[in-house]
Amino acid sequence: MTQETSTKAAVVFDIDGVVRDVSNSYRRAIADTVEYFTKAAYRPTPLDIDQLKSEGVWNNDWEASQELIYRYFSVQGQSREELQLDYNAIVAFFQSRYRGPDPNNLTGYICDEPLLLQSSYLDELTQAGIAWGFFSGATRVSANYVLEKRLGLQSPVLIAMEDAPGKPDPSGLFATVSQIENGIEQKSAIVYVGDTVADMYTVEKARSLDSARTWIGVGVLPPHVQETPTRSEAYSETLLRAGAAMVLSNVQELTPIQIQKLISRVCA
């Protein structure tokens, strides 16, 4: 594939599970929140959370926490109408664990998230003429913390939770691509890299609404599912069934050469 072809591609990255490992931060905060609101009767396992997210509609972790609480009590015979959970209280408790008690001074689980890519990888994409940006369901404060403070990026293209409807609605993906292009020639191929079913569904919906260009979903295995081959294989199959063109164990495996090969294969 020629360099000219590669310059017509753009890569959009999800953040959680792709850029940073959130197994002991966001997912830990989900478990803490569910445990608190079920009065320590139920703490969801990582597999419980994965199974919920495999439904493709629980990308928002506050909503996922609430849903797990509802489902626990429903098994106990209580209806959602009876419970009347306070969503704002759930969000506040979750944030106190993930972000910390002071929103202006991050001290929670967010501070200990391992990075899954290095800024040098993004430099390689730029040098190969591949544009890039980020579309995430994380809050802007949380996303900017990892992108700007941890990775040292200068005002990267980012569409965060506050900027668009939640996945699998593709509005945020379209907005990210629009910012990446910024009035210049449209990219013929858009690669979206994510770690959940909702990410892959987002690509499918984008394709159905804009068939003029090529939309490719690439799955990445989050670290917590790579502890055993069985879990890795099962999670890979789930992403492939949801529409992923390929599944990687780390985002940095998606090299400029790999991107060009992928586009050639999909467009063949």
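Keep in mind it's a predicted model, so treat the numbers as computed, not measured.

Participant: Help me out: how do you make sense of the pairing of strand S2 (residues 131-135) in this one?
Facilitator: Two faces, one strand: in a regular strand the side chains alternate between the faces of the sheet. Judged by how many residues are buried, S2 sits mostly within the fold: five of five residues are covered. By the alternation rule, side chains of S2 split into Ala131, Gly133 and Phe135 and Trp132 and Phe134, which are all buried. Pairing geometry for strand S1 (residues 9-13) and S2, over four bridges, is parallel. Bridged to Phe13 within S2 is Phe134. As paired strands, S2 and strand S3 (residues 158-159) are joined by two bridges and run parallel to one another. Each bridged residue has a counterpart across the sheet, and for Phe135 the counterpart in S3 is Ile159. With helix H8 (residues 140-150) bridging S2 and the parallel S3, this β-α-β connection has right-handed handedness.

Participant: I would appreciate a short explanation of the nonpolar core in the present structure.
Facilitator: Across soluble globular proteins, nonpolar side chains have a tendency to be buried as a group. Counting residues in each nonpolar core, the largest one holds 63 residues, and the members touching the most others are Phe13, Phe134, Val193 and Leu254. By residue number, the principal contributor to this core is helix H4 (residues 61-75), which donates seven residues. The contacts of Val193, once residues within four sequence positions are left out, are Val11, Val12, Phe13, Asp14, Val18, Val218, Val220, Val251 and Leu254. If you look at the next biggest cluster of nonpolar residues, it comprises 15 residues, including Ala10, Ile159, Tyr192 and Ala206.

Participant: Can you help me understand helix H10 (residues 197-209) in this one?
Facilitator: Residues spaced three or four apart along an α-helix face the same direction, because each turn holds 3.6 residues. In this model H10 runs 19 Å from its N-terminal to its C-terminal C-alpha over 13 residues, within 8% of the 18 Å that 1.5 Å per residue would give. All of the buried residues in H10 are Val197, Ala198, Asp199, Met200, Thr202, Val203 and Ala206. Looking at the buried side of H10, the elements it contacts are helix H3 (46-53), S2, helix H9 (171-181), strand S4 (189-194), strand S5 (214-220) and helix H11 (229-241).

Participant: I would appreciate a short explanation of unusual backbone geometry in the present structure.
Facilitator: Glycine aside, residues mostly have negative phi angles, and peptide bonds mostly take the trans form. In this model, Lys167 is joined to Pro168 through a cis peptide bond whose omega is 15°. With respect to the helices and strands, Pro168 occurs in the loop between S3 and H9. A positive phi angle, near 55°, is found at Lys39, a position not held by glycine. Counting through the fold element by element, Lys39 comes out in the loop between helix H2 (26-37) and H3. Notably, Ala40 is not glycine yet its phi reads approximately 65°, a positive angle.

Participant: Looking at this structure, how should I read the side chain of Arg27?
Facilitator: Looking at the element boundaries, Arg27 is found in helix H2. Judged by its relative accessible area of 10%, Arg27 falls in the buried class. Engagement of the side chain of Arg27 in a polar contact is seen with the side chain of His224, the distance being 3.4 Å. Discounting residues that sit within four places of it in the chain, Arg27 has contacts with Val22, Pro46, Ile49, Asp50, Lys53, His224 and Tyr235.

Participant: How should helix H12 (residues 256-267) be read in this particular structure?
Facilitator: A rise of 1.5 Å per residue sets the reference length of H12, with its 12 residues, at 16 Å; its end C-alpha atoms lie 16 Å apart and thus fit the reference within 8%. Listed in full, the buried residues belonging to H12 are Pro256, Ile259, Gln260, Leu262 and Ile263. Taken end-on, H12 shows its buried residues confined to a sector of 160°, consistent with a single buried face. Residues Ile257, Lys261 and Arg265 are exposed on H12 and point more than 90 degrees away from its buried face.

Participant: Hey, could you run me through empty space enclosed by the protein in this one?
Facilitator: Remark: the empty space left among the atoms is shown by a probe the size of a water molecule rolled over them. Under the counting rule described, the total for this entry stands at one cavity of 30 Å³ or more. Residue lining of the largest cavity: Lys53, Gly56, Val57, Trp58, Asn59, Thr196 and Ala198, and that is the complete set. A class-by-class count of the residues in the lining of the largest cavity yields three nonpolar, three polar and one charged.

Participant: For this particular structure, what's the right way to read the layout of surface pockets?
Facilitator: As a volume, the largest pocket reaches approximately 300 Å³. The wall of the largest pocket is formed by 27 residues, among which Asp16, Tyr26, Asn59, Asp61 and Ala138 lie closest to the centre. Elements with a minimum of two residues in the lining of the largest pocket: H2, H4, helix H6 (87-98) and H8. Sorting the residues of the lining of the second largest pocket by element identifies H3 and H11 as the ones contributing at least two each. When residues in the lining of the second largest pocket are grouped by element, the largest group, six residues, is from H11. Grouping the amino acids of the lining of the second largest pocket by side-chain chemistry returns five nonpolar, five polar and three charged.

What counts, and where the lines are drawn
Residues numbered from 1 in each chain as written. Predicted model: local features only at pLDDT ≥ 70, side-chain atom pairs only at ≥ 80, totals over all residues. Heavy atoms only, no water. Buried < 20%, exposed > 50% of the residue type's maximum accessible area, 1.4 Å probe, protein only. Helix = DSSP H or I, 4+ residues; strand = E, 2+ residues; numbered from the N terminus. Pairing = 2+ DSSP bridges. Right-handed = clockwise from strand over helix to strand, strands pointing away. Core = buried A, V, L, I, M, F, W, Y, C linked by side-chain atoms within 4.5 Å. Contact = heavy atoms within 4.5 Å. Expected span 1.5 Å × (residues − 1). Polar contact = N/O pair within 3.5 Å; in protein donor to acceptor, adjacent residues only side chain to side chain. Arc of directions from axis to C-beta. 1 Å grid on protein atoms, 1.4 Å probe; cavity = no way out; pocket = protein on both sides within 12 Å on 5 of 7 lines; lining within 4 Å. Points joined across faces, edges and corners; volume = space filled by probe spheres on them. Nonpolar A, V, L, I, M, F, W, Y, C, P; charged D, E, K, R; others polar.

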